[in-house]
Amino acid sequence: QVHLVESGGGLVQPGGSLRLSCAHSGTVFSANDMGWYRQAPGKQRELVAAILRDGSTNSGDFAKGRFTISRDNAKKSIYLRMNSLKLEDTAVYYCWLYSRATMREYWGQGTQVTVSS
């Protein structure tokens, strides 16, 4: 059974930084694609950034230049470093995993990020 546990959300002022973490268990970590999505109130869930099993990354346009995704295979974790946060970055951020072996995707419970002065 796959488990994803996010941490690191919170309240930050505009221009500040946060680092989200997602710890994974239940599959061969290095064989999965993983990433972060977010959902703001009244909006659809959108891709923030993803890191594939080959190490390549992709991200939403809003994240380019501000957010960095990384993975640590030894710790079975991924991270999202968010800099220069804006009010519109306020959302629940979800960790995501796609298993190519089973062709199934999994979601964490979400962590709230609030950017406010």
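Quick caveat: nothing in here was measured; it's all calculated off a predicted structure.

Caption draft 1: Quick peek at the overall build of the protein. Each helix and strand counted, the protein has 0 helices and 11 strands in total. When the helices and strands of the protein are read in sequence order from the N terminus, they spell out β-β-β-β-β-β-β-β-β-β-β. Relative to a compact globule of 117 residues, whose C-alpha radius of gyration would be 13 Å, the protein shows 14 Å and is just as compact. Its C-alpha atoms put the protein at 45 × 25 × 25 Å along the principal axes. Out of the 117 residues in the protein, the part that is buried amounts to 42%. Long-range contacts, defined here as pairs at least 24 residues apart, represent 54% of the contacts in the protein between residues at least 6 apart. For the protein, the separation between the mean place of its 14 positive charges and that of its 9 negative charges on side chains is 3 Å.

Caption draft 2: Main features of unusual backbone geometry. If you check the backbone angles, Ser84 has positive phi at about 50 degrees while not being a glycine. Within the element layout of this structure, Ser84 appears in the loop between strand S8 (77-82) and strand S9 (91-99). Here Ser84 falls in the partly exposed class, since its relative accessible area comes to 41%. Residue Met103 is not a glycine yet carries a positive backbone phi of 55 degrees. On the secondary structure map, Met103 appears in the loop between S9 and strand S10 (104-107). Take Met103: its relative accessible area is 65%, and that puts it in the exposed class.

Caption draft 3: Expanded view of the sheet that holds strand S1 (residues 3-7). As summarised here, the arrangement of the 4 strands in space is S1-S3-S8-S7, forming an open sheet in which the pairing is antiparallel. The sheet is open, and its two edges are formed by S1 and strand S7 (67-72), each paired on a single side. Looking at each pair of strands side by side, their axes are set apart by 15 degrees on average, direction ignored. Bridging between strand S3 (residues 18-25) and S8 involves 6 bridges; their strand directions are antiparallel.

Conventions and cut-offs
- Residues numbered from 1 in each chain as written.
- Predicted model: local features only at pLDDT ≥ 70, side-chain atom pairs only at ≥ 80, totals over all residues.
- Heavy atoms only, no water.
- Helix = DSSP H or I, 4+ residues; strand = E, 2+ residues; numbered from the N terminus.
- Rg over C-alpha atoms; globule rule 2.2 N^0.38 Å.
- Buried < 20%, exposed > 50% of the residue type's maximum accessible area, 1.4 Å probe, protein only.
- Contact = heavy atoms within 4.5 Å.
- Lys, Arg positive; Asp, Glu negative; His and termini not counted.
- Charge placed at Lys NZ, Arg CZ, Asp CG, Glu CD.
- Pairing = 2+ DSSP bridges.
- Axes fitted to C-alpha atoms, helices over the stretch in contact; angles between N-to-C directions.

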